[in-house]
Amino acid sequence: MTPDQTAELICSKLEENGYRGIVLPIEHVAQLKHEIEECNSQGKIDAELYDKYLTYFEFDITTSLPRACSIIITAAPQPQRKITFHLNGHTYLVIIPPTYYADTDNQIRNMLQDILNSNDYQLYPAALPLKLLAVYSGMAKYGKNNIAYVEGLGSFVRLKAFLSDMSTGRSDSLEPRVMKECDRCKACLNECPTRAIVPDRFLIHAERCITFLNEGREEFPGWVDSAWHNSLIGCMKCQLVCPVNKRFIKWVEEGEDFNEAETQLILNGVPLDRVPPETAHKLNRCYMLEYLDVLPRNLRALLE
Ligand code: SF4
Ligand code: SF4
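The following paragraphs examine the structure supplied in this document.

Thresholds, definitions, all that
Position numbers for residues start from 1 in each chain and track the written sequence from start to end. Throughout, the order in which chains and ligands are written sets their labels, letters from A for the former and numbers from 1 for the latter. Predicted model: local features are reported for residues with pLDDT of at least 70 only, side-chain atom pairs are reported and counted for 80 or more only, and whole-chain, interface and lining totals are derived from all residues. Each residue receives a C-beta atom placed from its backbone. It is near a molecule or strand if this atom lies within 6 Å of it. All residues other than Ala, Val, Leu, Ile, Met, Phe, Trp, Tyr, Cys, Pro, Asp, Glu, Lys and Arg, Gly among them, are scored as polar; the first ten of these are nonpolar and the last four charged. The helix count covers DSSP runs of H or I at least four residues long, the strand count covers runs of E at least two residues long, and both are numbered beginning at the N terminus. Any pair of residues counts as being in contact when their C-beta atoms, constructed from backbone geometry, are within 7 Å of one another. The pairing criterion is simple: DSSP has to find at least two bridges between the two strands. All axes here are fitted lines through C-alpha atoms, helices being fitted over the stretch that makes contact, and every angle between N-to-C directions spans 0 to 180 degrees.

Once that is clear, we can look at the site of ligand 1. In the vicinity of ligand 1 there are 14 residues, among which Gly143, Cys182, Cys185, Cys188 and Cys242 approach most closely. Residue composition of the shell around ligand 1, grouped by class: nine nonpolar, two polar and three charged.

For the rest of this paragraph, the subject is the environment of threonine 104. Positionally, threonine 104 belongs in helix α5 (residues 103-117). Between the C-alpha atom of threonine 104 and that of leucine 272, which follows or precedes it by 168 residues, the distance is 25 Å. In contact with threonine 104, not counting residues within four places along its chain, are Ala76 and Arg158.

One open sheet holds the four strands; their spatial order is β1-β2-β8-β5, and the pairing between them is antiparallel. A strand with exactly one partner marks an edge of an open sheet, and here the two such strands are β1 (20-25) and β5 (123-125). Strand after strand, the sheet turns through a mean of 30° between neighbouring axes, direction not considered. Across eight bridges, strand β2 (residues 70-77) lies against strand β8 (residues 157-164) in antiparallel orientation. Along β8, the bridge assignment pairs threonine 74 with lysine 160. Seen against the sheet, helix α1 (residues 3-16) touches β1 and β2 and runs at an angle of roughly 160° to β1.

Right, dumping it as structure tokens:
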């Protein structure tokens with residue numbers, strides 16, 4: 001099988017399983033790096049946000065992994081998850097947005113690995129800006145809220161990227177696109193409680209976005225109204241009012257149930273080495289272990 005045929009097989013196998021995928025030559029990593037650096041040099045990206053999120057990526061792939069010559073970007077449909085907490089005799093239902101659940105990562109990785117290995121190629125992990133990759137590759141389009149929307153899946157997706165030594169893919173210059181639905185719509189702009197989405201520029205003020213604030217370790221700024229919190233982590237407000245997501249907004253699956261003792265333990269910020277194994281399993285199953293240190297603040301904000 002030629003590399004192009006292998007890439008085609010990858011994309012069709014992903015589609016068959018309800019996923020999406022696209023293969024790009026590795027040269028496009030330089031374009032992504034340039035885009036981010038240009039935005040940063042023009043002062044369009046908040047310094048703290050740049051340090052926290054954008055310096056984490058590994059763009060220098062030709063040095064760290066000289067064999068890599070293509071990027072495989074995938075999207076998997078994901079529902080919201082409803083997590084239950086119990087406190088003082090009350091039950092609280094709390095949402096975790098679609099992107100945090102990573103159940104599909106292993107399935108996709110195994111699928112890609114099988115196809116690549118049987119054609120004498122290797123699959124490697126990638127630390128690249130997923131949303132940017134998805135929209136630059138054409139697999140997704142930007143919404144006015146700067147969220148990536150995949151055709152037929154809306155923004156209820158989990159994106160993932162991998163590297164491979166399979167030499168293939170389009171090498172034409174890439175252009176990000178904005179959804180045509182945004183032309184006559186302001187629903188997300190009107191709904192955003194923090195005014196992170198503004199009419200006079202395309203890039204949202206990500207440093208005002210609730211997702212940036214509640215994934216971060218600092219206390220919430222004084223200007224954040226407690227009524228704005230809506231998810232255990234992240235924020236669903238602009239996605240739930242978006243007409244493109246109409247088919248998906250009621251797609252909520254049952255998640256973990258934390259009893260009174262476990263809820264109290266999370267609120268108290270008990271460190272992982274003192275969390276009982278069963279509770280740690282539950283946190284792991286809802287992909288919240290890595291956010292354990294922000295959960296007390298986030299959960300308290302929701303329960304208030
Ligand atoms: S709510 Fe409207 S403007 Fe915002 S992303 Fe969706 S379609 Fe675009
Ligand atoms: S995720 Fe929430 S805070 Fe961020 S832009 Fe959307 S509505 Fe605004």
